[in-house]
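Next come the chains, spelled out residue by residue.
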Amino acid sequence: DARVTQTPRDKVTEMGQEVTMRCQPILGHNTVFWYRQTMMQGLELLAYFRNRAPLDDSGMPKDRFSAEMPDATLATLKIQPSEPRDSAVYFCASGWDLTGELFFGEGSRLTVL
Amino acid sequence: AQTVTQSQPEMSVQEAETVTLSCTYDTSENNYYLFWYKQPPSRQMILVIRQEAYKQQNATENRFSVNFQKAAKSFSLKISDSQLGDTAMYFCAFMKHGGDDMRFGAGTRLTVKP
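Anyway, here's the lowdown on the structure attached to this text.

## With respect to the overall build of chain A
Okay, step 1: For chain A, the helix and strand inventory stands at zero helices and 11 strands.
Okay, step 2: Listing every helix and strand of chain A by position from the N terminus yields β-β-β-β-β-β-β-β-β-β-β.
Okay, step 3: Since a compact globule built from 113 residues should have a radius of gyration of about 13 Å, the 13 Å found for chain A is in line with a globular shape.
Okay, step 4: C-alpha atoms of chain A, sized along the principal axes, occupy 40 × 30 × 25 Å.
Okay, step 5: Here the analysis covers contacts within chain A between residues at least 6 apart in sequence; of these, 54% occur between residues at least 24 apart.

## A closer look at the packing of aromatic side chains
Okay, step 1: Enumeration over the complete set of coordinates arrives at 16 aromatic pairs over all chains.
Okay, step 2: Each ring, one from Phe33 of chain A and one from Tyr35 of chain A, has its centre 6.1 Å from the other, and the planes form 5°; the classification is stacked.
Okay, step 3: Given a relative accessible area of 0%, Phe33 of chain A falls into the buried group.
Okay, step 4: With a centroid separation of 6.1 Å and 40° between ring planes, the pair formed by Phe35 of chain B and Tyr37 of chain B is classed as tilted. Per residue, the accessibility class of Phe35 of chain B equals that of Tyr37 of chain B, and both read buried.
Okay, step 5: Through a chain of ring-to-ring contacts, the aromatic side chains of Phe33, Tyr35, Tyr48, Phe91 and Phe104 of chain A together with Tyr33, Phe35, Tyr37, Phe91 and Phe104 of chain B assemble into a single cluster.

## Here's the deal with the pairing of strand S11 (residues 100–104) of chain B
Residue and element names in this part refer to chain B.
Okay, step 1: Across the five residues that make up S11, a large majority, four, are buried.
Okay, step 2: Alignment of strand S10 (residues 88–96) against S11, held across three bridges, turns out to be antiparallel. Note on S11: the bridge partner recorded for Phe94 is Arg103.
Okay, step 3: Hairpin geometry of S10 and S11 is characterised by an intervening segment of three residues between the two adjacent antiparallel strands and by a positive phi of about 105° at Gly98.

## Concerning the side chain of Asp101 of chain B
Okay, step 1: For Asp101 of chain B, the location among the structural elements is in strand S11.
Okay, step 2: Here Gln2 of chain B takes part through its side chain, which lies 3.5 Å from a polar atom of the side chain of Asp101 of chain B.
Okay, step 3: Apart from the residues lying within four places of it in its own chain, the contact partners of Asp101 of chain B are Phe33, Leu45 and Tyr48 of chain A together with Gln2, Phe94, Met95 and Lys96 of chain B.

## Here's the deal with unusual backbone geometry
Trans peptide bonds make up most of the peptide bonds, and negative phi angles are found at most residues other than glycine.
Okay, step 1: Thr7 of chain A connects to Pro8 of chain A through a cis peptide bond whose omega is -5°.
Okay, step 2: Omega for the peptide link from Gln80 of chain A to Pro81 of chain A comes to -5°, which places this bond in the cis form.
Okay, step 3: Locating Pro81 of chain A in the fold gives a position in the loop between strand S8 (74–79) and strand S9 (88–96).
Okay, step 4: In the Ramachandran plot, Lys73 of chain B falls in the positive-phi region, its phi being about 55° despite a non-glycine side chain.
Okay, step 5: With respect to the element layout, Lys73 of chain B can be found in the loop between strand S8 (64–69) and strand S9 (74–79).

Rules behind the numbers
Residues numbered from 1 in each chain as written. Chains lettered and ligands numbered in written order. Predicted model: local features only at pLDDT ≥ 70, side-chain atom pairs only at ≥ 80, totals over all residues. Heavy atoms only, no water. Helix = DSSP H or I, 4+ residues; strand = E, 2+ residues; numbered from the N terminus. Rg over C-alpha atoms; globule rule 2.2 N^0.38 Å. Contact = heavy atoms within 4.5 Å. Phe/Tyr/Trp six-rings, centres within 6.5 Å; stacked < 30°, edge-to-face > 60°. Buried < 20%, exposed > 50% of the residue type's maximum accessible area, 1.4 Å probe, protein only. Pairing = 2+ DSSP bridges. Polar contact = N/O pair within 3.5 Å; in protein donor to acceptor, adjacent residues only side chain to side chain.

This is the structure:
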């Protein structure tokens, strides 16, 4: 059963530390999205890729966040340095642009102390 | 940018009854997709139903159906014969044709009562 795989599932870190979240999209999908979910802001679009190329990362704080797709099987979201306000659940989703449907991973819950 | 509005933060329904969740959106696009996703306490985002804007026929998936009114930019979700397992957050979402820029509403927390 194909699924989007995200690691880590849960992460607790201290302010100032680097955090890297990883996502393995479903094989054959050509779009990858990163979202952040908080109680206050809901689901925020951070960045998305098509065919590994970044299309829009305007939702990300540029000074500390970066998103990359080093290859078709891996997407990464990095925060350096992390801050308590970054505490949230981060979702990765992949899809095929011709069907307009996204499949979500289980999310990575980040807590920054 | 596209915006999605869900005006009902919380709703409740008795088991076996029918409930309708509302969603409106704003876009200048003519061709796009609309979705309803369900997020149970496990936090997994699960696709409930999908509608393509060029299709006039409303999408249906078992007990879930939508009322898509393109001119009014409205996309409501009807859940028939509600079950306890339907208790979850429900998110309405909009995506431009071509798989770009998927945006979500704030969500509606649905509770099904026994």
